[in-house]
Amino acid sequence: MPAVNLTDRFVAGARAASRTAFFDTKTRGLALRVTPTGAKTRSFVYRGDGRPKWLTLGSYPAVSLATARTLALDNRHLLDV
């Protein structure tokens, strides 16, 4: 799973031959899932019971990058408490 600086431009142009997750280098746990049909979903990924858990934050373009980063940080803070 590649780590990239998720920008609005990158997200708009993201394509994938198979379901792929791109992890943000700026916000820990924030990911963009891209499907071959072009669907793009923003998610927060964390570990629970030793396994990765995926919390869907919303789809692109309904949820902006700034909002997704805020939601990811909020969820990260809840886990760290």
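Let us look at the structure shown here. (Residues numbered from 1 in each chain as written. Predicted model: local features only at pLDDT ≥ 70, side-chain atom pairs only at ≥ 80, totals over all residues. Heavy atoms only, no water.)

Topic: the nonpolar core
Most often, soluble globular proteins have nonpolar side chains that are buried together. Counting residues in hydrophobic clusters, the biggest one holds 14 residues, and the most contacted among them are Leu6, Leu30, Leu32, Val34, Leu57, Ala68 and Ala72. Contributing elements (two or more residues each) for this core: strand 3 (30-34) and helix 2 (65-80). Residues in contact with leucine 30, not counting those within four places in the same chain, are Leu6, Phe22, Phe23, Asp24, Ser43, Leu57, Leu65, Ala68, Arg69 and Ala72. (Core = buried A, V, L, I, M, F, W, Y, C linked by side-chain atoms within 4.5 Å. Buried < 20%, exposed > 50% of the residue type's maximum accessible area, 1.4 Å probe, protein only. Helix = DSSP H or I, 4+ residues; strand = E, 2+ residues; numbered from the N terminus. Contact = heavy atoms within 4.5 Å.)

Let's talk about the pattern of salt bridges
Under the counting rule described, the total for this entry stands at one salt bridge. Put simply, aspartate 24 and arginine 69 hold a salt bridge, and the shortest N to O gap is 2.9 Å. Of this pair, aspartate 24 sits in strand 2 (residues 20-24) while arginine 69 sits in helix 2, and the two are 45 residues apart along the sequence. Note on accessibility: aspartate 24 and arginine 69 belong to one class, buried. (Salt bridge = Lys/Arg side-chain N within 4 Å of Asp/Glu carboxyl O.)

Quick word on the pairing of strand 3
Put simply, side chains in a regular strand alternate between the two faces of the sheet. Within strand 3, four of the five residues are buried, leaving the element largely enclosed by the surrounding structure. Strand direction decides the pairing type here: strand 2 and strand 3, joined by four bridges, are antiparallel. Residue threonine 20 lies in a different strand from strand 3, and its bridge partner there is valine 34. Here strand 2 hands over to strand 3 after five residues, with glycine 29 in that stretch at a positive phi of 95 degrees. Relative to strand 4 (residues 40-48), strand 3 runs antiparallel, the two sharing five bridges. Its bridge partner lying in strand 4, arginine 33 is registered against threonine 41. Where strand 3 hands over to strand 4, the hairpin turn is made up of five residues, of which glycine 38 adopts a positive phi near 100 degrees. (Pairing = 2+ DSSP bridges.)

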